[in-house]
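Here is how the chains run, residue by residue.
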Amino acid sequence: PSSSADDKSKEGRMKPAYRYCTDGLGFLFATPKLWRLAICPLLLLFVWSVLSIVLLFALALRPQALAIGAALQHEAGGWVLAVVIVLLEIFLSIWLFLTILFGQFEDKIFDKVLEIKGVVIEDRSNMATNLGAQITLILIQLVMFVVFFPLNAIPILGTYFYCRINGIFTGWALHMHYFELYGIGFKKQREYVMGDLQSQYAYFGAMATFMQILPFFNFFLMWGNVVGAALWACDLEKEGKGPGTLLTPRPVEIDTSSSSPPPRPSLPPMGK
């Protein structure tokens, strides 16, 4: 059998969605046009991450450890919990930095991949619609992050469940710009993500989440996720399964129940 047959999935000829994360990383390294767009934000993220780690451990660890230890009347337990809380604060600060500042850079890389692949999407974006969908999804992700991040304290299994639980929302967020290009609001986005491609978004997002939480390497892997999301969007467009299908006008149904039936055609006169 040919190798292309292995890439077939239930959604057509497209490969399993989780593979776009690694494919995106390979495409990024093989495409110099994307390097300039990725390097500058990486430098900013690196500086922010170092500052977050140094400042939070230097200024926040000891006060929190003492407060928790006093509350629990267990000094060692207070330090352990304080370390976990500080790590959570570090990841939260980096995540907020990525969400607020990196959105613009992600959109540029996403659009550049579409351009390189020759995929043209008419920009129907609407600022009010886009902002509402972004804020809603950011709040959902923030709650999911805070509630389920402690699962990572459980080796291997905890990280697996953390990635699976957050996967579908991560995949959704990576396609946010894709939806924005079509001017699709939050409800339509949910209809699309939770529809026929729900499992694919969950697997894609789970892999992307795992790559984003890997220490040190996540600086580079996150751009692979963005490029992978764009590559997946290209294939969805070529297969005719993109979110533009939600905008297809439905056939107009005419109610004829109250109207009288059309007159029967008269027969031509019989010849003599």
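The paragraphs below set out a description of the structure included in this document.

Conventions we followed
Residues numbered from 1 in each chain as written. Predicted model: local features only at pLDDT ≥ 70, side-chain atom pairs only at ≥ 80, totals over all residues. Heavy atoms only, no water. Core = buried A, V, L, I, M, F, W, Y, C linked by side-chain atoms within 4.5 Å. Buried < 20%, exposed > 50% of the residue type's maximum accessible area, 1.4 Å probe, protein only. Helix = DSSP H or I, 4+ residues; strand = E, 2+ residues; numbered from the N terminus. Contact = heavy atoms within 4.5 Å. Phe/Tyr/Trp six-rings, centres within 6.5 Å; stacked < 30°, edge-to-face > 60°. Expected span 1.5 Å × (residues − 1). Bend = angle between axes of the 7 residues up to and from the residue.

### Some points on the nonpolar core
One broad rule of soluble globular proteins: the nonpolar side chains tend to lie buried together.
1) Next: Core analysis: the largest hydrophobic core is formed by 63 residues, its most contacted members being Ile109 and Trp223.
2) Next: Considering each element in turn, this core owes the most residues, 13 residues, to helix H10 (residues 218–238).
3) Next: Those residues in contact with Ile109 that sit more than four places away from it in its chain are Leu34, Leu37, Ala38, Trp223, Val226 and Val227.
4) Next: Counting residues in hydrophobic clusters, the runner-up holds seven residues, among them Leu88, Tyr162, Cys163 and Ile213.

### Looking at the packing of aromatic side chains
1) Next: One pass over the full model with this rule turns up 14 aromatic pairs.
2) Next: Centre to centre, the rings of Phe179 and Tyr192 are 5.7 Å apart; their planes meet at 75 degrees, and the pair counts as edge-to-face. Linking Phe179 in helix H7 (residues 176–181) with Tyr192 in helix H8 (residues 186–193), this pair joins segments that are 13 residues apart in sequence. Here the two residues Phe179 and Tyr192 agree in accessibility, since each one is buried.
3) Next: Among the aromatic residues, those joined into a cluster by ring pairs are Tyr20, Phe110, Tyr178, Phe179, Tyr182, Tyr192, Tyr201, Phe204 and Trp232.

### A closer look at helix H6 (residues 157–174)
1) Next: Counted at 1.5 Å a residue, the expected span for H6 with its 18 residues is 26 Å, and the 25 Å between its end C-alpha atoms agrees.
2) Next: Along H6, the helix axis deviates most sharply at Gly167, where the bend reaches about 50 degrees.
3) Next: Considered for burial, the residues of H6 that qualify are Gly158, Thr159, Tyr162, Cys163, Asn166, Gly167, Ile168, Phe169, Thr170, Gly171, Trp172 and Leu174.
4) Next: Turning to H6, the residues buried within the fold contact helix H4 (75–116), helix H5 (127–148), H7, H8, helix H9 (198–213) and H10.

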